[in-house]
Amino acid sequence: MTLKAVLFDFNGVIVNDEPLHEKIIDQLMLDENLQLKRGEFREVCLGRSDRACITALLERRGRYLTETYLDRLLRHKAQAYKAQIDTLEKLPIYPGLAEFIDKIRVAGLKMAVVSGAMRSEIELVLDRAGLAANFEFIVAGDDLTASKPAPDGYLLAVELLNQKYPDFNLQPIECLAVEDTFAGIEAAKKAGIQVAGVTHTYPFHMIQRQANWTVDYFADVELDRVAQVCSIAPTESPAEKT
């Protein structure tokens, strides 16, 4: 086995937009005559899909939504996100991402996005940032009912890469996930995928307890070290830290 693919989370990994999401969710709650509590967005929503986030916040307040009403809220949230992004002169793409992507391409590895965000939001940012062509496909929150920390999104990404490249024979251990939240890290590890945790959202010492590798910057991800671990049988793989 060897390293064959890098799978990126989106919010908090590619784009620094979590404060924007919190602002939009806060307004969505106000529109429902409810109020987001201090720290609640971080507790309930980080790393999870928009669908899971909104559902959990409303259920905490005794609101149980029909799928039709939830879909309406999700569309409203996506429209608000686009409106906010359109006001920005420069997208808050994390420094070093383009160079990291170039390094992955030079290594001949496949790339995909695995996120709980809505597809329209991911495509909007990737297209505007000129990054879309680097990724084989997007697994978005629209595609799944289960949210991270369930492994469904990562398992689907492996399946889709094998469908696109029939001779690829990709195994989860041959992938690297890039994540910034505990839910995302757990999802990837449940799928049998090694994880590089970036400290965009939580401090180094907290991410280090969960991820196989922990880095402050994309430039610190050593693909050759990841490849060495991928070449070891999964039952023998050590949990390494950078």
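Each remark here, short or long, concerns the structure printed above.
Trainee: Quick question: what am I supposed to make of the pattern of salt bridges here?
Mentor: For side chains of opposite charge, pairing can occur when their charged atoms come near one another. The full count for this structure, using the stated rule, is 16 salt bridges. Where Glu121 meets Lys77, a salt bridge forms, and the shortest distance between an N and an O atom there is 3.2 Å. Taken together, the positions of Glu121 in helix H6 (residues 119–129) and Lys77 in helix H4 (residues 67–86) put the pair 44 residues apart, joining distant regions of the chain. Residue class for Glu121 comes out buried when judged on its relative accessible area of 1%. The closest approach of N and O atoms between Glu186 and Lys190, which form a salt bridge, is 3.0 Å. In this pair, Glu186 and Lys190 both sit in helix H8 (residues 182–190), 4 residues apart, roughly one turn of the helix. For Glu186, a relative accessible area of 36% corresponds to the partly exposed category.

Trainee: Which parts of the structure should I look at to understand the pairing of strand E5 (residues 194–198)?
Mentor: For a regular strand, the rule is simple: side chains alternate between the two faces of the sheet. The buried fraction of E5 amounts to 5 of the 5 residues, a majority that puts the element mostly inside the structure. Residues Gln194, Ala196 and Val198 line one face of E5 and the alternating positions Val195 and Gly197 line the opposite face, and both faces are buried. The parallel pair strand E4 (residues 175–179) and E5, bridged by H8, forms a crossover whose chirality is right-handed. Both E5 and strand E6 (residues 213–215) contribute to a ladder of 3 bridges, which runs parallel. When the sheet's bridge partners are listed, Gly197 is paired in E6 with Thr214.

Trainee: What is the right way to read H8 from this model?
Mentor: Each α-helix turn comprises 3.6 residues. Residues three or four places apart therefore point the same way. What H8 keeps buried is the set Ala183, Gly184, Ile185, Ala187 and Ala188. On its buried face, H8 is in contact with helix H7 (152–164), E4, E5 and helix H9 (204–208). Positioned one or two residues after H8, Gly192 has a phi angle of 85 degrees, which is positive.

Trainee: Looking at this model, I keep getting lost on the state of the cysteines. Mind explaining?
Mentor: Among covalent bonds in proteins, the disulfide is the one between the sulfur atoms of two cysteines. One pass over the structure, following the stated rule, counts 1 disulfide. One disulfide bridge connects Cys45 with Cys53, the sulfur atoms lying 2.1 Å from each other. On the S-S bond that ties Cys45 to Cys53, the torsion sits near 60 degrees, and the link is right-handed. Its relative accessible area of 5% is what places Cys45 among the buried residues. Cys53 gets classed as buried once you look at its relative accessible area, which sits at 3%.

Trainee: Got a minute to help me understand the sheet that holds E5 in this structure?
Mentor: Taken together, the 6 strands give an open sheet; going across it, the order is E3-E2-E1-E4-E5-E6, and neighbouring strands pair in parallel fashion. Strands with a single pairing partner mark the edges of an open sheet, and in this sheet they are strand E3 (138–139) and E6. In this structure, strand E2 (residues 110–114) lies alongside E3, joined through 2 bridges in parallel fashion. Counted as the bridge partner of Val113 is Ile138 from E3.

Trainee: Where do I start with empty space enclosed by the protein in this structure?
Mentor: Once rolled over the atoms, a probe with the size of a water molecule shows which space is left empty. Using the criterion set out here, one finds 2 cavities of 30 Å³ or more in the structure. Lining of the largest cavity is provided by 21 residues; of these, Asn11, Glu18, Cys45, Gly47 and Arg48 occupy positions nearest its centre. Only helix H1 (18–31) and helix H3 (50–59) provide two or more residues apiece to the lining of the largest cavity. The element contributing the most residues to the lining of the largest cavity is H1, with 3 residues. Counted as a void, the second largest cavity has a volume near 110 Å³. Lining the second largest cavity are 16 residues, and of these Ser115, Leu144, Ala146, Lys148 and Gly153 lie nearest its centre. Looking at which element gives the most residues to the lining of the second largest cavity, the answer is H7, with 3 residues.

Basis of the calculations
- Residues numbered from 1 in each chain as written.
- Predicted model: local features only at pLDDT ≥ 70, side-chain atom pairs only at ≥ 80, totals over all residues.
- Heavy atoms only, no water.
- Salt bridge = Lys/Arg side-chain N within 4 Å of Asp/Glu carboxyl O.
- Helix = DSSP H or I, 4+ residues; strand = E, 2+ residues; numbered from the N terminus.
- Buried < 20%, exposed > 50% of the residue type's maximum accessible area, 1.4 Å probe, protein only.
- Right-handed = clockwise from strand over helix to strand, strands pointing away.
- Pairing = 2+ DSSP bridges.
- Contact = heavy atoms within 4.5 Å.
- Disulfide = S-S within 2.5 Å.
- 1 Å grid on protein atoms, 1.4 Å probe; cavity = no way out; pocket = protein on both sides within 12 Å on 5 of 7 lines; lining within 4 Å.
- Points joined across faces, edges and corners; volume = space filled by probe spheres on them.

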